[in-house]
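As a plain string of letters, each chain reads:
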Amino acid sequence: IIALISDVCHWAACIWYSIGRQNAGEVHFDGSIASWVTEAQLGYPYIGEDKFHHYICSLYFVLTTMTTVGYGDITPTNIQEVGFTII
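The paragraphs below set out a description of the structure included in this document.

Calculation rules
Residue numbers run consecutively from 1 along every chain, following the written order of its sequence. At least 70 in pLDDT is required for a residue's local features to be given in this predicted model, at least 80 for side-chain atom pairs to be given and counted, and no such filter applies to totals for whole chains, interfaces and linings, which use all residues. The side-chain values count all of the structure's non-hydrogen atoms but skip hydrogen atoms and water molecules. In DSSP terms, a helix is any run of H or I states spanning at least four residues, a strand is any run of E spanning at least two, and both are numbered starting from the N terminus. The cut-offs for exposure are 20% and 50% of the maximum accessible area for each residue type, with area from a 1.4 Å probe on protein chains only; residues under the lower value are buried, those over the upper are exposed, and the others partly exposed. We call two residues in contact when some of their heavy atoms are within 4.5 Å. Working definition of accessibility: Shrake-Rupley area with a 1.4 Å probe, residue cover restricted to the visible protein chains. Patch membership requires more than 30% relative accessible area and the absence of a salt bridge. Residues of like charge join within 9 Å; the nonpolar side chains Val, Leu, Ile, Met, Phe, Trp and Tyr join within 5 Å. Salt bridge, as used here, is a side-chain nitrogen of Lys or Arg placed within 4 Å of a carboxyl oxygen of Asp or Glu. Geometry is summarised by axes, namely lines fitted to C-alpha atoms with helices restricted to the contacting stretch, and by angles between N-to-C directions that run from 0 to 180 degrees. For a crossing to be left-handed, the near helix must be turned anticlockwise from the far one by less than a right angle; the clockwise case is right-handed. In this classification, the charged set is Asp, Glu, Lys and Arg, the nonpolar set is Ala, Val, Leu, Ile, Met, Phe, Trp, Tyr, Cys and Pro, and all remaining amino acids, among them Gly, are polar. Buried Ala, Val, Leu, Ile, Met, Phe, Trp, Tyr and Cys residues that are joined via side-chain atoms within 4.5 Å together make up what is termed a nonpolar core. Aromatic pairs are defined between Phe, Tyr and Trp rings, using the six-membered ring for Trp, whenever the two ring centres lie within 6.5 Å; interplanar angles under 30 degrees are classed as stacked, those over 60 as edge-to-face, and all others as tilted.

**Some words on the overall build of the protein**
Within the protein, the secondary structure is distributed over four helices and zero strands. Reading the secondary structure of the protein in the N-to-C direction produces α-α-α-α. Every one of the 87 residues in the protein was classed for burial, and the buried ones make up 32%. Contacts spanning at least 24 positions in sequence make up 52% of the contacts within the protein whose residues lie at least 6 apart. If you sum the accessible surface of the protein, you get close to 5600 Å²; carbon and sulfur atoms cover 68% of it.

**Focus on a nonpolar patch on the surface**
A surface patch of nonpolar side chains, about 290 Å² in accessible area, is lined by Leu4, Val8 and Met66. Mapped onto the elements of the fold, Leu4 is located in helix H1 (residues 2-22).

**Description of the packing of H1 against helix H3 (residues 51-67)**
With their axes 8 Å apart at the nearest point, H1 and H3 run at an angle of 115° to one another. In this structure, the crossing between H1 and H3 has a hand that is right-handed. Contacts between H1 and H3 involve Val8, Cys9, His10, Ala12, Ala13, Cys14, Trp16, Tyr17 and Arg21 from the first element and Lys51, His54, Tyr55, Ser58, Leu59, Phe61, Val62, Leu63 and Met66 from the second. For the contact of H1 with H3, the residue count by class is 13 nonpolar, three polar and two charged.

**As for the nonpolar core**
Among the nonpolar cores identified, the biggest contains twelve residues, and these are Cys9, Ala12, Ala13, Trp16, Tyr17, Ile19, Trp36, Val37, Cys57, Phe61, Val62 and Phe84. Looking at this core, the elements that each hand over two or more residues are H1, helix H2 (36-42) and H3. Considering every element that reaches this core, the biggest residue donor is H1, with six residues. In this view, Ala13 contacts Tyr55, Ser58, Leu59 and Val62; residues no more than four positions away in its chain are not counted.

**Structural notes on the packing of aromatic side chains**
Applying the stated criterion across every chain, the model contains one aromatic pair. Centre to centre, the rings of Trp16 and Phe61 are 4.1 Å apart; their planes meet at 10°, and the pair counts as stacked. Of the two residues, Trp16 sits in helix H1 while Phe61 sits in helix H3, which places them 45 residues apart along the sequence. Trp16 sits in the buried class, given a relative accessible area of 0%.

This is how it looks when you write it as structure tokens:
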């Protein structure tokens, strides 16, 4: 069971990261950043462009989403990210 949960978390983190990378660098009509990846690269906490750090943040988001009621430091910022979060 632990291996299954770990596998699901890994793949969900990979999907979450790939969704965030699709809109990296884009902005919403109001000027806000359109992707959590870009927001994390520019904002606080600053994680830079290291792929491993992005994976860790993705895994953190997935585990937090699966195991708790709320969070606030990494949030969906575009329609694809919101859709994935709903699933």
